[in-house]
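An overview of the molecular structure
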Amino acid sequence: MIIAEIGQAHDGSVGILHSYIDALADSGVDAIKFQTHIAEAESSAFETFRVPFSYVDKTRFDYWQRMQLTTAQWVEIKNHCHKVGVLFFSSPFSCKAVDILEEAGVDGYKIGSGEVTNLLMLEKIAGTGKPVILSSGMSTLEELDVAVQIFKENKVQVAVLQCTTSYPTEPEQWGLHIIKQLNIRYNIATGLSDHSGDIVSCLAATALGAEILEFHVVFDKRMFGPDAKASIEIDEVGRLVKGVKQIKDSLKNKYCKNGLSENMSGLKQLFGKSLCINKHLPADHTITVEDLESKKPSGYGIAPSDYKSIIGKKLNKALHQWEFLNYEDFNTYE
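Thresholds applied
- Throughout, residues of each chain are indexed from 1 in the direction in which the sequence is written.
- Selection of residues for local features in this predicted model requires a pLDDT of at least 70, selection of side-chain atom pairs for listing and counting requires 80 or more, and totals for whole chains, interfaces and linings are taken over all residues.
- Side-chain descriptors were evaluated using all non-hydrogen atoms of the structure, hydrogens and water having been removed beforehand.
- Segments assigned H or I by DSSP are reported as helices when at least four residues long, segments assigned E as strands when at least two residues long, and all are numbered from the N terminus.
- Atoms considered for the radius of gyration are the C-alpha atoms alone. The globule rule reads 2.2 Å times the number of residues to the power 0.38.
- For every residue, the accessible area (1.4 Å probe, protein chains only) is compared with the maximum for its type, and the residue is labelled buried under 20%, exposed over 50%, or partly exposed between those bounds.
- Two residues form a contact once any of their heavy atoms are found within 4.5 Å.
- By definition here, a salt bridge exists when the distance from a side-chain nitrogen of Lys or Arg to a carboxyl oxygen of Asp or Glu is within 4 Å.
- What we call a nonpolar core is a set of buried Ala, Val, Leu, Ile, Met, Phe, Trp, Tyr and Cys residues that are connected through their side-chain atoms within 4.5 Å.
- Put simply, two rings from Phe, Tyr or Trp (the six-membered ring, in Trp's case) pair if the centres are within 6.5 Å, and we call them stacked under 30 degrees between planes, edge-to-face over 60, tilted for the rest.
- Any Lys NZ or Arg CZ found within 6 Å of a ring centre and within 35 degrees of that ring's normal is scored as a charge over the ring.
- Angles here are taken between N-to-C directions and fall from 0 to 180 degrees, while the axes themselves are lines fitted to C-alpha atoms, restricted in helices to the stretch in contact.
- What sets the label is the angle itself: under 35 degrees gives roughly parallel, over 145 gives roughly antiparallel, 65 to 115 gives roughly perpendicular, and the rest give oblique.
- In this scheme the crossing of two helices becomes right-handed for a clockwise turn of the near helix relative to the far one and left-handed for an anticlockwise turn of less than a right angle.
- Residues are grouped as follows: Ala, Val, Leu, Ile, Met, Phe, Trp, Tyr, Cys and Pro are nonpolar; Asp, Glu, Lys and Arg are charged; every other residue, Gly included, is polar.
- Under the convention used throughout, the expected extent of a helix is 1.5 Å for every residue step, that is, one less than its residue count.
- Here the arc refers to the directions that run from the helix axis out to each C-beta atom.
- We call two strands paired when DSSP finds no fewer than two bridges between them.
- Call a crossover right-handed when, viewed with both strands pointing away from you, the route from the first strand across the helix to the second goes clockwise.
- Within the patch definition used here, like charges are joined within 9 Å and nonpolar side chains (Val, Leu, Ile, Met, Phe, Trp, Tyr) within 5 Å, considering only residues with over 30% relative accessible area and no salt bridge.
- Surface accessibility in these figures is a Shrake-Rupley result with a 1.4 Å probe; residues are shielded only by whichever protein chains are displayed.

Let's shift gears to the overall build of the protein. Tallying secondary structure elements over the protein gives 12 helices and 11 strands in all. Relative to its length of 334 residues, the protein is extended, with a C-alpha radius of gyration of 31 Å against a globular reference of 20 Å. Considering only C-alpha atoms, the protein reaches an extent of 100 × 45 × 35 Å along its principal axes. The proportion of buried residues among the 334 residues of the protein is 43%. Within the protein, contacts between residues at least 6 apart in sequence are counted, and of these 63% link residues at least 24 apart.

This is how it looks when you write it as structure tokens:
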């Protein structure tokens, strides 16, 4: 499952948000993910900016207030996603946001890693019965254990993503080996929530068995917003999706080296080589390694792998430069 997160890239503009949906429509992603913020329900005057980025918001609360959308707008967003053939996912940051998303008809929930210990909200989401994806960026395994158990007990389909809460995430921080560890620990679908700003980490995660990929998208990394530098530009998404599908096709088809010689006998003959001599040699000449060359194709002379078998043997006739060598060219062969 490939999920493109618009998140906060729309900067509070519903028009830009819908433009993102249209831009992603033909990229091949399976779902588009948003963030649902209700300032009064999730924030307070004590919340500080994670990174200094805003020229228009005096406080973090002001920013969330500018980012929040109405229930009617979320319904239109859901309808737009379904119209272009993608699922509508969102990350709520309050119980009030869950109520709005339920009213809007959200297809599934993504739990940000900062909310993994918010059992009040997790229990509410579990009660909806909708599929849930947990991010693990700021969570310990013990905290994830509790969250996963809540959804399993409620018979809710749940997945866990390896995530590093660093924007952008450097390669040494990706933690791709954790994907398999999470899969073994919970026996559920696992994958990567990426903040690297590049397609490489998702491709690597796919090769390591990731079943779900999530990444931020933006029209241009120079755009306003806290996640722009950690996002993939829209024009790269199609290439990412194509690469993921190619890797999955490769992993599904077990390429076997056994029997390769038989299957590629024609090519092996064409690219293979036969022994020849690199200079004119008279009859009764004793062959040394300095006399030998190998040239294409195979099957016209002694195989180069057997060259040691003729070292020290005498020719029974003269041979011209570049002629192939065969065993019958020698007086005796034992």
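Where charged atoms of side chains with opposite charge meet at close range, the side chains can pair. The full count for this structure, using the stated rule, is 12 salt bridges. Put simply, Asp220 and Arg222 hold a salt bridge, and the shortest N to O gap is 2.8 Å. Asp329 is the salt-bridge partner of Lys317, the closest N and O atoms lying 3.3 Å from each other. With Lys317 in the segment after β11 (292-295) and Asp329 in the segment after β11, this pair connects stretches of sequence that are 12 residues apart. Overlapping salt bridges bring together Glu5, Lys33, Lys110 and Glu214 as one network.

With an omega dihedral of -10°, the bond running from Tyr167 to Pro168 counts as a cis peptide bond. With an omega dihedral of -5°, the bond running from Lys296 to Pro297 counts as a cis peptide bond. Considering the arrangement of structural elements, one finds Pro297 in the segment after β11. The backbone of Trp322 sits at a positive phi, close to 75°, despite the residue not being glycine.

Formed by 62 residues in total, the largest nonpolar core has its most connected members in Phe34, Leu134 and Phe215. If we skip the residues at most four places from it in the chain, Phe215 touches Ile2, Ile3, Ala4, Glu5, Val29, Asp194, Cys202, Ile232, Val237 and Leu240. Counting 11 residues, the second largest nonpolar core, distinct from the first, contains Leu292, Ile302, Leu325 and Phe330.

Here the focus is the packing of aromatic side chains. For the coordinates displayed, the defined rule picks out 6 aromatic pairs. A connected cluster of aromatic rings, assembled from ring pairs, spans Phe34, Trp74 and Phe88. Positioned above the aromatic ring of Phe324 is the side chain of Lys295, whose terminal nitrogen or guanidinium carbon lies 5.1 Å from the ring centre.

As a further point, take the packing of helix α1 (residues 14-24) against helix α4 (residues 71-83). Packing of α1 against α4 brings their axes to within 10 Å, and their N-to-C directions diverge by 15°. In terms of orientation, α1 lies roughly parallel with respect to α4. By crossing handedness, the relation of α1 to α4 is classed as right-handed. Here α1 contributes Val14, Leu17, His18, Ile21 and Asp22 to the contact with α4, which in turn contributes Gln73, Glu76, Ile77, His80 and Cys81. Split into classes, the residues belonging to the contact of α1 with α4 amount to 5 nonpolar, 3 polar and 2 charged.

Now for helix α7 (residues 141-153). Between its first and last C-alpha atoms α7 spans 18 Å; for 13 residues at 1.5 Å apiece the expected length is 18 Å, and the two agree. For α7, the set of buried residues is Leu144, Ala147, Val148, Ile150 and Phe151. Projected down its long axis, α7 carries its buried residues within an arc of 150°, all on one side. In α7, the exposed positions angled more than 90 degrees off the buried face are occupied by Glu142 and Glu153. Packing partners of the buried residues in α7 comprise α6 (119-126), β5 (132-135), β6 (158-163) and α8 (177-186). Positive phi shows up at Lys155, right after α7, with a value of about 55°.

Here we take up the pairing of β5. Covered by surrounding structure in β5 are Val132 and Leu134 together with Ile133 and Ser135, the residues of both alternating faces. As paired strands, strand β4 (residues 108-111) and β5 are joined by 3 bridges and run parallel to one another. What sits directly across from Tyr109, in β5, is Val132. In this fold, the crossover linking β4 to β5 by way of α6 has right-handed handedness. Where β5 meets β6, 4 bridges bridge the pair, whose relative direction is parallel. In the strand pairing of β6, Ile133 is matched with Ala159. Note on the crossover from β5 through α7 to β6: the handedness is right-handed.

Further remarks concern a nonpolar patch on the surface. A cluster of nonpolar side chains, contributed by Tyr255, Met264, Leu267, Leu270 and Phe271, occupies part of the molecular surface with about 560 Å² of accessible area. Residue position: Phe271 is located in helix α12 (residues 265-271). You can call Phe271 exposed: its relative accessible area is 59%.

What follows deals with the packing of α6 against α7. With their axes 9 Å apart at the nearest point, α6 and α7 run at an angle of 25° to one another. With respect to their mutual orientation, α6 and α7 come out roughly parallel. At the point where α6 passes α7, the crossing takes the right-handed sense. Contacts between α6 and α7 involve Leu119, Leu122, Glu123, Ile125 and Ala126 from the former and Val146, Ala147, Ile150 and Phe151 from the latter. Taken together, the residues of the contact of α6 with α7 break down into 8 nonpolar, no polar and 1 charged.

Interpretation in functional terms is not warranted from these geometric data alone.
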